[in-house]
Amino acid sequence: MPLTSLWDKKLEKPQKKSKNFPILESNLYICSAKVHKRMNERFKVVYSDEALDFINSLPQKAKDKVAYNISKSMVITDNELFKKLEGTEIWEFRTLYNNIKYRLLAFWDTEEDTLVIATHGFIKKTQKTPAKEIAKAEAMRKEYFNDKKLEKK
(Lines give C-alpha, C1' and ligand atoms only; values in the text may rest on other atoms or scores of the structure.)
Protein backbone atom coordinates (compact mmCIF):
# COMPACT_ATOMS: atom_id res chain seq x y z
CA MET A 1 0.00 0.00 0.00
CA PRO A 2 1.45 3.41 -0.88
CA LEU A 3 2.37 5.79 1.92
CA THR A 4 1.10 9.33 2.16
CA SER A 5 3.12 12.09 3.77
CA LEU A 6 1.98 13.05 7.26
CA TRP A 7 1.91 16.65 6.16
CA ASP A 8 -0.39 16.06 3.17
CA LYS A 9 -3.39 14.46 4.87
CA LYS A 10 -4.60 12.74 8.01
CA LEU A 11 -4.98 9.00 8.37
CA GLU A 12 -8.29 7.94 6.84
CA LYS A 13 -8.62 4.55 8.51
CA PRO A 14 -6.56 4.61 11.71
CA GLN A 15 -5.63 1.47 13.52
CA LYS A 16 -7.59 1.35 16.75
CA LYS A 17 -5.16 1.93 19.59
CA SER A 18 -7.52 4.44 21.15
CA LYS A 19 -10.39 6.39 19.67
CA ASN A 20 -8.56 9.73 19.73
CA PHE A 21 -5.04 8.56 18.94
CA PRO A 22 -4.43 7.04 15.49
CA ILE A 23 -1.14 5.22 15.06
CA LEU A 24 1.07 6.73 12.42
CA GLU A 25 4.05 5.03 10.93
CA SER A 26 7.06 6.03 12.95
CA ASN A 27 9.10 7.49 10.11
CA LEU A 28 6.44 10.24 9.96
CA TYR A 29 4.42 8.73 7.16
CA ILE A 30 0.82 7.64 7.42
CA CYS A 31 -0.16 4.15 6.45
CA SER A 32 -3.62 2.64 6.84
CA ALA A 33 -2.04 -0.81 6.72
CA LYS A 34 0.17 -2.39 9.38
CA VAL A 35 2.59 -0.13 11.25
CA HIS A 36 6.16 -1.29 10.87
CA LYS A 37 8.91 -0.51 13.33
CA ARG A 38 12.38 0.07 11.92
CA MET A 39 15.16 -1.93 13.54
CA ASN A 40 16.96 1.01 15.14
CA GLU A 41 13.91 2.82 16.53
CA ARG A 42 13.43 3.03 20.27
CA PHE A 43 9.67 3.70 20.03
CA LYS A 44 6.73 4.46 17.74
CA VAL A 45 4.95 7.81 17.84
CA VAL A 46 1.16 8.12 18.06
CA TYR A 47 -0.39 11.53 17.34
CA SER A 48 -3.66 12.87 18.71
CA ASP A 49 -5.86 14.84 16.32
CA GLU A 50 -4.85 17.98 18.19
CA ALA A 51 -1.14 17.23 17.69
CA LEU A 52 -1.73 16.67 13.97
CA ASP A 53 -3.71 19.92 13.71
CA PHE A 54 -0.86 21.81 15.37
CA ILE A 55 1.75 20.28 13.07
CA ASN A 56 -0.39 20.94 9.98
CA SER A 57 -0.77 24.60 11.00
CA LEU A 58 3.00 25.20 10.86
CA PRO A 59 4.88 26.65 7.89
CA GLN A 60 6.33 23.91 5.66
CA LYS A 61 9.96 24.41 6.70
CA ALA A 62 8.99 24.33 10.39
CA LYS A 63 7.00 21.09 9.76
CA ASP A 64 10.05 19.59 8.09
CA LYS A 65 12.26 20.50 11.05
CA VAL A 66 9.74 19.10 13.56
CA ALA A 67 9.52 15.88 11.52
CA TYR A 68 13.30 15.61 11.34
CA ASN A 69 13.72 16.15 15.09
CA ILE A 70 11.04 13.60 15.98
CA SER A 71 12.59 11.02 13.64
CA LYS A 72 16.03 11.69 15.09
CA SER A 73 14.79 11.41 18.69
CA MET A 74 13.33 8.00 17.90
CA VAL A 75 16.79 6.70 17.09
CA ILE A 76 19.18 8.55 19.40
CA THR A 77 18.92 9.92 22.93
CA ASP A 78 19.26 13.70 22.88
CA ASN A 79 17.76 15.90 25.63
CA GLU A 80 17.78 18.85 23.26
CA LEU A 81 15.20 17.03 21.09
CA PHE A 82 13.15 14.91 23.51
CA LYS A 83 13.13 15.67 27.21
CA LYS A 84 11.13 14.69 30.30
CA LEU A 85 9.51 17.59 32.12
CA GLU A 86 10.51 17.66 35.79
CA GLY A 87 7.98 16.33 38.29
CA THR A 88 5.61 14.94 35.64
CA GLU A 89 5.11 11.95 33.37
CA ILE A 90 5.06 14.32 30.40
CA TRP A 91 7.84 14.60 27.81
CA GLU A 92 8.36 17.19 25.11
CA PHE A 93 9.60 16.99 21.56
CA ARG A 94 11.64 20.17 21.14
CA THR A 95 12.29 22.07 17.92
CA LEU A 96 13.93 25.44 17.43
CA TYR A 97 13.47 26.93 13.99
CA ASN A 98 13.98 30.61 13.04
CA ASN A 99 14.20 31.50 16.76
CA ILE A 100 10.73 30.02 17.36
CA LYS A 101 10.45 27.24 19.94
CA TYR A 102 7.98 24.57 18.82
CA ARG A 103 6.92 22.03 21.43
CA LEU A 104 4.91 18.82 21.14
CA LEU A 105 3.99 17.32 24.52
CA ALA A 106 3.79 13.55 24.88
CA PHE A 107 3.74 10.58 27.26
CA TRP A 108 4.86 6.95 27.15
CA ASP A 109 2.75 3.80 26.87
CA THR A 110 4.85 0.66 27.21
CA GLU A 111 2.12 -1.86 28.07
CA GLU A 112 2.05 -3.65 24.69
CA ASP A 113 4.39 -1.76 22.36
CA THR A 114 6.80 1.03 23.12
CA LEU A 115 4.73 4.05 22.17
CA VAL A 116 5.09 7.76 22.70
CA ILE A 117 1.72 9.49 22.43
CA ALA A 118 1.92 13.12 21.27
CA THR A 119 -0.97 15.01 22.85
CA HIS A 120 -0.74 18.53 21.46
CA GLY A 121 1.67 21.23 20.44
CA PHE A 122 2.29 24.90 21.04
CA ILE A 123 4.80 27.66 20.45
CA LYS A 124 6.80 28.26 23.60
CA LYS A 125 7.16 31.94 24.49
CA THR A 126 8.48 31.77 28.05
CA GLN A 127 11.48 30.17 29.76
CA LYS A 128 9.37 27.52 31.50
CA THR A 129 6.82 25.24 29.88
CA PRO A 130 3.40 26.74 30.79
CA ALA A 131 1.62 24.84 33.58
CA LYS A 132 -1.66 24.88 31.61
CA GLU A 133 0.03 23.04 28.72
CA ILE A 134 1.42 20.39 31.08
CA ALA A 135 -1.99 20.02 32.78
CA LYS A 136 -3.64 19.57 29.37
CA ALA A 137 -1.16 16.81 28.44
CA GLU A 138 -1.66 15.12 31.81
CA ALA A 139 -5.44 15.19 31.35
CA MET A 140 -5.08 13.64 27.88
CA ARG A 141 -2.75 10.99 29.35
CA LYS A 142 -5.34 10.13 32.00
CA GLU A 143 -8.11 9.96 29.38
CA TYR A 144 -5.95 7.75 27.14
CA PHE A 145 -5.28 5.18 29.87
CA ASN A 146 -8.93 5.26 31.07
CA ASP A 147 -10.10 4.60 27.49
CA LYS A 148 -7.56 1.81 27.21
CA LYS A 149 -8.87 0.16 30.41
CA LEU A 150 -12.45 0.35 29.10
CA GLU A 151 -11.43 -1.22 25.78
CA LYS A 152 -9.90 -4.21 27.62
CA LYS A 153 -13.18 -4.97 29.41
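Data block above holds the structure.
This write-up is about the structure you can find in this document. (Residues numbered from 1 in each chain as written. Predicted model: local features only at pLDDT ≥ 70, side-chain atom pairs only at ≥ 80, totals over all residues. Heavy atoms only, no water.)

### Overview of the side chain of Asn69
Looking at the element boundaries, Asn69 is found in helix H2 (residues 60-75). Residue contacts for Asn69: discarding those within four places in its chain leaves Leu81, Arg94 and Thr95. (Helix = DSSP H or I, 4+ residues; strand = E, 2+ residues; numbered from the N terminus. Contact = heavy atoms within 4.5 Å.)

### Things to note about the sheet that holds strand S6 (residues 100-109)
With mixed pairing, five strands are arranged side by side in an open sheet as S3-S7-S6-S5-S4. The strands lining the two open edges of the sheet, one partner per strand, are strand S3 (44-47) and strand S4 (82-84). Neighbour to neighbour, the strand axes of the sheet diverge by 35° on average, direction disregarded. Note that S3 and strand S7 (residues 115-124) share four bridges and pair parallel. Residue pairing in the sheet places Lys44 in a bridge with Leu115 of S7. Packing against the sheet, H2 makes contact with S3, S4, strand S5 (91-97) and S6, and its axis sits at approximately 135° to S5. Along the sheet, helix H3 (residues 131-152) contacts S6 and S7; its crossing angle with S6, the most-contacted strand, is approximately 30°. (Pairing = 2+ DSSP bridges. Axes fitted to C-alpha atoms, helices over the stretch in contact; angles between N-to-C directions.)

### Looking at the environment of Ser48
Positionally, Ser48 belongs in the loop between S3 and helix H1 (49-57). On the basis of relative accessibility, which here comes to 2%, the residue Ser48 falls in the buried class. Along the chain, Ser48 and Met140 lie 92 residues apart, while their C-alpha atoms are 9.3 Å from each other. (Buried < 20%, exposed > 50% of the residue type's maximum accessible area, 1.4 Å probe, protein only.)

### Regarding H3
Given a rise of 1.5 Å per residue, 22 residues ought to cover 32 Å, and the 32 Å separating the end C-alpha atoms of H3 matches this to within 8%. Those residues of H3 lying buried are Glu133, Ile134, Ala137, Met140, Tyr144, Phe145, Asp147 and Lys148. On an axial view of H3, the arc spanned by its buried residues comes to 155°, and they lie on one face. In this structure, H3 carries Ala131, Lys132, Lys142, Lys149 and Leu150 as exposed residues pointing more than 90 degrees from its buried face. The inward-facing, buried residues of H3 abut H1, S6 and S7. (Expected span 1.5 Å × (residues − 1). Arc of directions from axis to C-beta.)

### Some details on the nonpolar core
Counting residues in each nonpolar core, the largest one holds 19 residues, and the members touching the most others are Phe43, Val45, Tyr47, Ile70, Phe93 and Leu104. Every element with two or more residues in this core is listed here: S3, H1, H2, S6 and S7. Those residues in contact with Phe93, other than ones at most four positions away along the chain, are Phe43, Val45, Ile70, Ser73, Leu81, Phe82, Tyr102, Arg103, Leu104, Ala106 and Val116. Formed by twelve residues, the second largest nonpolar core is a distinct cluster that contains Phe107, Ile117, Phe122 and Ile134. (Core = buried A, V, L, I, M, F, W, Y, C linked by side-chain atoms within 4.5 Å.)

### A word on the pattern of salt bridges
A side chain with one charge may pair with a side chain of the opposite charge, provided their charged atoms come close. Going through the model one piece at a time under the given rule, you end up with six salt bridges. Note that Lys148 and Glu111 form a salt bridge whose closest N and O atoms lie 3.4 Å from each other. Taken together, the residues Lys148 in helix H3 and Glu111 in the loop between S6 and S7 connect sequence positions 37 residues apart. A single salt-bridge network, built from bridges that share partners, covers Glu92, Arg94 and Arg103. (Salt bridge = Lys/Arg side-chain N within 4 Å of Asp/Glu carboxyl O.)

### Structural notes on the packing of aromatic side chains
One pass over the structure, following the stated rule, counts nine aromatic pairs. Considering the side-chain rings of Phe43 and Phe82, the 5.5 Å spacing of their centres and the 35° angle between planes classify their relative orientation as tilted. One end of the pair, Phe43, is in the loop between strand S2 (29-30) and S3; the other, Phe82, is in strand S4, with 39 residues separating them in the sequence. The same class applies to Phe43 and to Phe82, which are both buried. A ring pair is formed by Phe82 and Trp108, whose centres lie 6.0 Å apart and whose planes are at 55°; its orientation type is tilted. On the criterion of sequence distance, the pair formed by Phe82 in strand S4 and Trp108 in strand S6 is long-range, its members being 26 residues apart. (Phe/Tyr/Trp six-rings, centres within 6.5 Å; stacked < 30°, edge-to-face > 60°.)

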